[in-house]
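# Per-entry structural report
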Amino acid sequence: MPRRRRILVPEARPALDRLKRDLMGEEGLASNQGSDQPLEEEVAGQLGIPLGKGDDGELTTRQAGKVGGAMGGPLVRKLIEMAQQQLVETVQDMPEANGKSPPPGTPGRSDL
């Protein structure tokens, strides 16, 4: 069986799985339905790649790359977009961005 990477925040797994399924639906590679089939198997099936349960050691590098690339590209783009948006919001909430001086003792103050 393929090893699933350990996620540092286990509570994030369902949200990450939902995000992947939604993105693959937008790409036309998976249903947005509550499928019991693992997303990787569903995407591989739609790409005509024989991915199944257990060891997939018979797959070629090209076949494995098609599944990983089809899933990874949109996911990485979306995660970068989300991180950029969060960074913009964080910076906008900083006192310096609003023309205010940060409170005394704040790292980065020039008078410390």
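Anything mentioned here points back to the structure above.
Residues numbered from 1 in each chain as written. Predicted model: local features only at pLDDT ≥ 70, side-chain atom pairs only at ≥ 80, totals over all residues. Heavy atoms only, no water.

## Quick look at the overall build of the protein
Definition in use: By definition, any uninterrupted DSSP run of H or I lasting at least four residues is a helix, any uninterrupted run of E lasting at least two residues is a strand, and each is numbered from the N terminus. Working rule for contacts: check all heavy atoms of both residues, and any pair within 4.5 Å makes them a contact. Only the protein chains shown count as covering a residue, and every accessible area follows the Shrake-Rupley method with a 1.4 Å probe.
A tally of regular secondary structure across the protein gives 3 helices and 0 strands. Each helix and strand of the protein, placed in order from N terminus to C terminus, yields the pattern α-α-α. Here the analysis covers contacts within the protein between residues at least 6 apart in sequence; of these, 28% occur between residues at least 24 apart. Surface summary for the protein: the accessible area is close to 8,600 Å², and the carbon and sulfur share equals 54%.

## Focus on the nonpolar core
Our working rule: Buried Ala, Val, Leu, Ile, Met, Phe, Trp, Tyr and Cys residues that are joined via side-chain atoms within 4.5 Å together make up what is termed a nonpolar core. Only protein chains enter the accessibility calculation, which uses a 1.4 Å probe; a residue is then buried when its area is under 20% of its type maximum, exposed when over 50%, and partly exposed in between.
Residues M24, L39, V43 and M71 are the most contacted members of the largest nonpolar core, which totals 14 residues. Mapped by element, the contributors of at least two residues to this core are α1 (13–26), α2 (39–46) and α3 (61–93). Of all the elements, α3 adds the most residues to this core, at 4 residues. Filtering out sequence-adjacent residues up to four positions away, L39 remains in contact with K20, R21, M24, A30 and M71.

## Overview of the packing of α1 against α2
Put simply, the rule reads: Fitting a line to C-alpha atoms yields each axis, with helices limited to the stretch in contact; the angle taken between N-to-C directions then spans 0 to 180 degrees. Comment on the angle field: the value is read as roughly parallel under 35 degrees, roughly antiparallel over 145, roughly perpendicular from 65 to 115, and oblique elsewhere. Two helices cross in a left-handed way if the nearer one is turned anticlockwise from the farther one by less than a right angle. They cross in a right-handed way if the turn is clockwise. Classification used: nonpolar for Ala, Val, Leu, Ile, Met, Phe, Trp, Tyr, Cys and Pro, charged for Asp, Glu, Lys and Arg, polar for all others including Gly.
Two numbers describe how α1 lies on α2: the axes approach to 11 Å, and their chain directions differ by 15 degrees. For the element pair α1 / α2, the angle class is roughly parallel. Considering the relative orientation of α1 and α2, their crossing is left-handed. Counted together, K20, R21 and M24 of α1 and L39, E40, E42 and V43 of α2 form the full contact between these two elements. Of the residues contributing to the contact of α1 with α2, the split by class is 3 nonpolar, no polar and 4 charged.

## Observations regarding a nonpolar patch on the surface
The condition that has to hold: Here a patch means residues that are over 30% exposed by relative accessible area and free of salt bridges, tied together within 9 Å if like-charged and within 5 Å if nonpolar (Val, Leu, Ile, Met, Phe, Trp, Tyr). The rule for a salt bridge is simple: a side-chain nitrogen of Lys or Arg has to be within 4 Å of a carboxyl oxygen of Asp or Glu.
Residues L87, V91 and M94 make up a contiguous nonpolar surface patch of about 260 Å² in total accessible area. The residue M94 is located in the segment after α3 in this model. Relative accessible area serves as the criterion here: at 36%, M94 is assigned to the partly exposed category.

## Section: the side chain of K20
You can see K20 is positioned in helix α1. Residue classification places K20 among the buried positions, given a relative accessible area of 15%. Beyond its immediate stretch of four places on either side in the chain, K20 contacts R13, L39, E40 and L75.

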